[in-house]
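This is what each chain is made of:
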Amino acid sequence: MTLDRVAVITGSAQGLGKGIAEKLGENGFKVVLSDINEEVLNETLEELKGKNYEVTAKVADVSKQDDHTALVKHAVDTFGKLDVYINNAGVEGAVEQIENITEKDIDFVLDVNVKGVLFGIQAAAKQLKEQGHGGTIINASSIAGHEGFDFLSTYSASKFAVRGLTQVASKEFAKDDITVNAYCPGIAATGMWERLDEKFMDVIGTKKGEALEQYASSISLGRTQEPKDVANLVAFLASEDAGYITGQAILTDGGIVYR
């Protein structure tokens, strides 16, 4: 049981982010939920309150620097401090041949997946340094941040960038006792993969569910991952037990990408 630790989780109204929030709440964290979808965010807030977790929520657009600053302020105003900041929010972007990617396509993904992580790192690090007792920043990368996948050029580019930001931040903030790591999920049957499956239908002519099935067939453990599979890793990285781990981008994919 981890007590008296405060965590902010972006993109935590549903999917993997919600799973992370549930796990941290179960472990005794005080949790700040955040998402751009206010309706679903409020539903998740009430659900977690019903489990007697210490939780609050604030709407935020992670592509906006000021929203991260406001999130940190909300955490401190509500719970008195910040210990862990999890840059979980992300978008899958276009599923398209690289020659057909537009400026709008790349800007959308980089705004959320790269700027969103950079701004989160900045806001969290500023607060953690002011507090003077270290802390933890955890970023969402992907298997697509270790290996480029066909038709996912913008997504892969953004997730490789997250690995770079993670390494740089871990070096710059080590003197402040702030660790910075990334988690790299594989294939989960969440809303993001449902959307990807539909997009693959348009690009390569697969039938509904076929692209997900094809990708999932390569998983060594023989199943797609569940939110708890990712949440267990993130909960460890958020704990004091992971205090000597920094600058890493850890795969949690059931055995797809081997490095």
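Residues numbered from 1 in each chain as written. Predicted model: local features only at pLDDT ≥ 70, side-chain atom pairs only at ≥ 80, totals over all residues. Heavy atoms only, no water.

Per an unreviewed UniProt entry, the protein carries the name Diacetyl reductase [(S)-acetoin forming] and comes from Jeotgalicoccus halotolerans.

1. Considerations on the nonpolar core
This is how the line gets drawn: As used here, the term nonpolar core means buried Ala, Val, Leu, Ile, Met, Phe, Trp, Tyr and Cys residues forming a set that is joined through side-chain atoms within 4.5 Å. Only protein chains enter the accessibility calculation, which uses a 1.4 Å probe; a residue whose area is less than 20% of its type maximum is buried, one above 50% is exposed, and one in between is partly exposed. A run of DSSP states H or I qualifies as a helix once it reaches four residues; a run of E qualifies as a strand once it reaches two. Both are numbered from the N-terminal end. Note on contacts: a residue pair is in contact if any heavy atoms of the two residues lie within 4.5 Å.
In terms of nonpolar packing, the biggest core is built from 30 residues, with Ile 20, Leu 24, Val 31, Leu 33, Ile 86, Ile 138 and Tyr 183 touching the most fellow members. In terms of residue count, helix α8 (residues 227-238) provides more of this core than any other element does, seven residues in total. Setting aside residues up to four positions removed in sequence, Leu 24 forms contacts with Ala 7, Ile 9, Phe 29, Val 31, Ile 86, Ala 235 and Ala 238. Within the second largest apolar cluster, 22 residues are counted, among which are Val 32, Ala 60, Leu 71 and Val 72.

2. Focus: the side chain of Ser 170
Quick note on the threshold: Any N or O atom pair separated by 3.5 Å or less is treated as a polar contact, with the protein-specific requirement of one donor-capable and one acceptor-capable atom, and with residues adjacent in sequence counted only for side-chain atom pairs.
Within the secondary structure layout, Ser 170 lies in helix α5 (residues 153-172). Accessibility expressed as a relative area gives 7% for Ser 170, which makes it buried. Side-chain polar atoms of Ser 170 contact the backbone oxygen of Gln 167, separated by 2.7 Å. Those residues within four positions of Ser 170 in sequence are excluded, and the remaining contacts are Val 180, Thr 246 and Gly 247.

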